[in-house]
Amino acid sequence: MARQLIIEFSAQVTTFADLGLSDDLLKAIQDVGYTTPTPIQEQAIPHVLMMRDVLGCAQTGTGKTAGFTLPMIEMLANGRARARMPRSLILEPTRELATQVAENFRTYGKYHKLTMALLIGGETMGAQISSLDRGVDVLIATPGRMIDLFERGKIMLNDIKIFVIDEADRMLDMGFIPDVEKIASLLPPLKQTLFFSATMPPEIRKLADRFLKNPKTVTVSPPASTAVNIRQVLINLPSGDDWQKREALRTLLRRENVQNAFIFCNRKRDVALLHKSLQKHGFNVGALHGDMDQSSRTETLEKFRSGGITFLACSDVAARGLDIADVSHVFNFDVPFNAEDYVHRIGRTGRAGKNGTSYTLVTPDDGKQVAAIEHLIKQKIEREVIADLPAPDPQARPRREVASPRGRRARPPRSDSRRSTPREQEPRIAPVATLAPPPTIVPPQERVVRETPAPKAAAAGFGDNLPAFLRRPVVISKGSA
Ligand code: AMP
């Protein structure tokens, strides 16, 4: 009855107590220091408590995790789990997100006696199986490990009362939807389902229609919007030469007052290369990508979180949902293939209302991807060029178009990233401590950028391809223009 009243007067809801949460939860919330519910919490919590299915369109950073964990704790507080028969299941696309949700449960559930198990790949199954044997109220899992344990007969899913699919669009991108559908088919028909996605493309909408019964839809920010407190800058580079890109990145890292930063690459192997290169240049950097074993991933993330590492070279595994407060910068070493990934990447900074800055290195080949990003975020992004950027080595291999391995837009191979080149072994710029003044960055209005007239036909001796150094724009400062 009390909850019904809250729904009816939801326009006036401003405190957690008003949402119908019990004293133990309110105490835990107070301990973390939250004073008022975020919009997603305000809108979702009463409906979850009413046992309604919920379709939540919300990005990470909006307080969505507490939006489902708080009412779940409330509802699971009464009742006990039986061995191997969890009472609720939360599916997350990555191990990091699953771990983060588990931490949320620990934080908010500190005055409750709920049991929890985290089933993620990359860790031994023994401990996970023993916790299942003891009976768990909340099971948080990545889809692959979940199916694996089910097929080994270690879990029974017929007592699941609350099913949460989090980051559904990410699941789609990562190819997990068949696994999610399989898991859903193993659950009892009578249950409550909460479905969250940052974006609602038609495939996700269809999926939601299949999984949810008469859901309450809550949307807290338009899909794919970027926060206003993040300053976004595109750095226009004259070529796609990787050595020159790394030089540009180093210039930015030295110039900017970076407290800590994610540096995103599109490919895992480039994460490793960039990591090595930055280390060689004296930067305090770690690496994070999906091919690393779980313990190294966890250790690196912890070091980054605690300030032991200033820069984190990473793949998109770190783009979604990682909640690290006070990240001052995000650098996109590569423009992401998917425009939505751009939104997620830069959303790692400017969290909880703080200011953040993102820089994206843009090569002449990236025009289409940049246009897609600007179309998605409905915003023209500020451009800068770096003056005095050393030219790429004209002796560098000519760039060739290659077939994309996964049907993505074909991209030219990196001219010097596949191996350590002599230039890389003998950096032209000294490490930070003995550094000569870095190249200056000049806003575009103060500079004249003259494109070298693009030859209509291919250059003689290079087949269909025009080497990067021939396509490089000639940059002349205004005085001399
Ligand atoms: P999430 O979107 O769930 O990843 O949450 C983003 C961040 O917001 C996390 O650091 C939470 O601890 C924080 N948060 C969640 N709810 C609140 C709240 N009501 N007030 C302040 N911060 C919150």
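J.: I would appreciate a short explanation of the site of the ligand in the present structure.
T.: Close to the ligand lie 14 residues, the nearest being Tyr34, Gln41, Gly61, Thr65 and Asp323. Here a nitrogen atom of the ligand sits 2.7 Å away from a polar atom, N or O, in the side chain of Gln41. Gly63 places a main-chain nitrogen or oxygen 2.8 Å from an oxygen atom of the ligand. Summarising the interface, the protein chains cover 76% of the accessible area of the ligand, which totals 490 Å² for the free molecule. Taken together, the residues that form the shell around the ligand break down as three nonpolar, eight polar and three charged.

J.: Sorry if this is basic, but what is going on with the pattern of salt bridges here?
T.: Opposite charge on two side chains allows them to pair when their charged atoms are near. Per the counting criterion, the structure on display carries 24 salt bridges. Lys110 is the salt-bridge partner of Asp31, the closest N and O atoms lying 2.8 Å from each other. Taken together, the residues span a long stretch of sequence, with Asp31 in helix H2 (residues 23–32) and Lys110 in the loop between helix H5 (95–108) and strand E3 (116–119) at a distance of 79 residues. What makes Asp31 partly exposed here is its relative accessible area of 42%. For Lys110, a relative accessible area of 46% corresponds to the partly exposed category. The partner of Lys380 in a salt bridge is Glu374, with the nearest N and O atoms 3.7 Å apart. Relative accessible area serves as the criterion here: at 65%, Lys380 is assigned to the exposed category. A relative accessible area of 12% means that Glu374 is categorised as buried. Each of the salt bridges in this network shares a partner with another, and the network as a whole consists of Arg231, Arg255, Glu256, Glu382 and Glu384.

J.: How should I be thinking about the nonpolar core in this particular structure?
T.: Looking at soluble globular proteins, one finds that nonpolar side chains tend to be buried together. Membership of the largest hydrophobic core comes to 35 residues, with the highest contact counts inside it found for Leu89, Leu91, Leu139, Met146 and Phe195. Sequence-distant contacts of Leu91, defined by excluding residues within four places in its chain, comprise Ala141, Met146, Phe163, Val164, Ile165, Asp166, Met171, Val180 and Ile183. Listed in part, the 32 residues of the second largest apolar core include Ala58, Ala66, Ile73 and Ile90.

J.: Even after reading the chapter, I still don't get the packing of aromatic side chains, so can you show me in this structure?
T.: Here a ring pair, both rings aromatic, is described through the centre-centre distance and the interplanar angle of the planes. Under the counting rule described, the total for this entry stands at seven aromatic pairs. Centroid distance Phe262 to Phe264: 5.8 Å. Interplanar angle 20°. Geometry classified as stacked. Across the pair, Phe264 and Phe262 agree in class, each one buried. Both rings, one in Phe283 and one in Phe311, keep their centres 5.7 Å apart while their planes meet at 85°; by these two values the pair is edge-to-face. Taken as a pair, Phe283 in the loop between helix H12 (268–280) and strand E10 (285–288) and Phe311 in strand E11 (residues 311–314) lie far apart in primary sequence, 28 residues in all. Considered together, Phe283 and Phe311 belong to a single accessibility category, that of buried residues. Taken together, the ring pairs connect Phe262, Phe264 and Phe304 into an aromatic cluster. Above the ring of Tyr111, the side-chain terminus of Lys27 is found at 4.4 Å from the ring centroid. Looking at Lys245, its charged tip hangs above the ring of Phe333, at a distance of 4.7 Å from the centre.

J.: Mind showing me how you'd approach the environment of Arg52 here?
T.: Relative to the elements of secondary structure, Arg52 occurs in the loop between helix H3 (39–49) and strand E1 (54–57). The exposure class assigned to Arg52 is partly exposed, which follows from its relative accessible area of 29%. Spatially, the C-alpha atoms of Arg52 and Thr193 are 7.8 Å apart, while their sequence positions differ by 141 residues. The residues touching Arg52, leaving out its near neighbours within four places in the chain, are His47, Gln192, Leu194, Asn214, Pro215 and Lys216.

J.: Before we go on, may I ask you to explain the packing of helix H11 (residues 242–255) against H12 in this structure?
T.: Geometrically, a packed helix pair is captured by the angle between its two axes and the distance between the axes. Relative orientation of the contacting elements H11 and H12 amounts to 55°, with a least axis distance of 11 Å. Taken together, the axes of H11 and H12 are oblique relative to one another. Here the hand of the crossing between H11 and H12 comes out right-handed. Contacts between H11 and H12 pair Arg246, Leu249, Arg250 and Leu253 from the former with Leu274, Ser277 and Leu278 from the latter.

J.: Help me understand the confidence of the model for the protein chain, please; the structure alone is not making it clear to me.
T.: Note: predicted coordinates in regions of low pLDDT should not be interpreted at a detailed level. Residues with a pLDDT of 70 or more make up 77% of the protein chain, whose mean pLDDT is 80. Confidence drops under pLDDT 50 across residues 1–11; counting only partners more than four residues distant or on other chains, this segment forms twelve contacts. Contacts from residues 397–481, a stretch scored under 50 in pLDDT, to residues over four places away or in other chains number 145 contacts.

J.: Honestly, H3 in this entry has me stumped. Any pointers?
T.: Residues lying three or four places apart along an α-helix face the same way, a consequence of the helix completing one turn every 3.6 residues. Among the eleven residues that make up H3, eight are buried, leaving the element largely enclosed by the rest of the structure. Those residues of H3 that fall on the buried side of the exposure criterion are Ile40, Gln41, Ala44, Ile45, Pro46, His47, Val48 and Leu49. Looking one or two residues past H3, Met51 carries a phi angle of roughly 65°, positive in sign.

J.: Would you mind showing me how to read the sheet that holds E1 here?
T.: Hydrogen bonds along the backbone pair up the strands of a sheet, which may run parallel or antiparallel. Spatial ordering of the open sheet is given by E3-E4-E2-E5-E6-E1-E7, a layout of seven strands whose pairing is parallel. Of all the strands in the sheet, just E3 and strand E7 (216–219) have a single pairing partner and so form its edges. Along the sheet, successive strands turn relative to each other by an average axial angle of 10°, direction set aside. The strands that H3 touches are E1, strand E6 (192–197) and E7; relative to E7, the one it contacts most, it runs at about 165°.

Reading the values: rules and limits
Residues numbered from 1 in each chain as written. Predicted model: local features only at pLDDT ≥ 70, side-chain atom pairs only at ≥ 80, totals over all residues. Heavy atoms only, no water. Near = heavy atom within 4 Å. Polar contact = N/O pair within 3.5 Å; in protein donor to acceptor, adjacent residues only side chain to side chain. Areas by Shrake-Rupley, 256 points an atom, 1.4 Å probe, with all protein chains shown as cover. Nonpolar A, V, L, I, M, F, W, Y, C, P; charged D, E, K, R; others polar. Salt bridge = Lys/Arg side-chain N within 4 Å of Asp/Glu carboxyl O. Helix = DSSP H or I, 4+ residues; strand = E, 2+ residues; numbered from the N terminus. Buried < 20%, exposed > 50% of the residue type's maximum accessible area, 1.4 Å probe, protein only. Core = buried A, V, L, I, M, F, W, Y, C linked by side-chain atoms within 4.5 Å. Contact = heavy atoms within 4.5 Å. Phe/Tyr/Trp six-rings, centres within 6.5 Å; stacked < 30°, edge-to-face > 60°. Lys NZ or Arg CZ within 6 Å of the ring centre and 35° of its normal. Axes fitted to C-alpha atoms, helices over the stretch in contact; angles between N-to-C directions. Parallel < 35°, antiparallel > 145°, perpendicular 65-115°, else oblique. Left-handed = near helix turned anticlockwise from the far one by under 90°. pLDDT = per-residue confidence, 0-100. Pairing = 2+ DSSP bridges.

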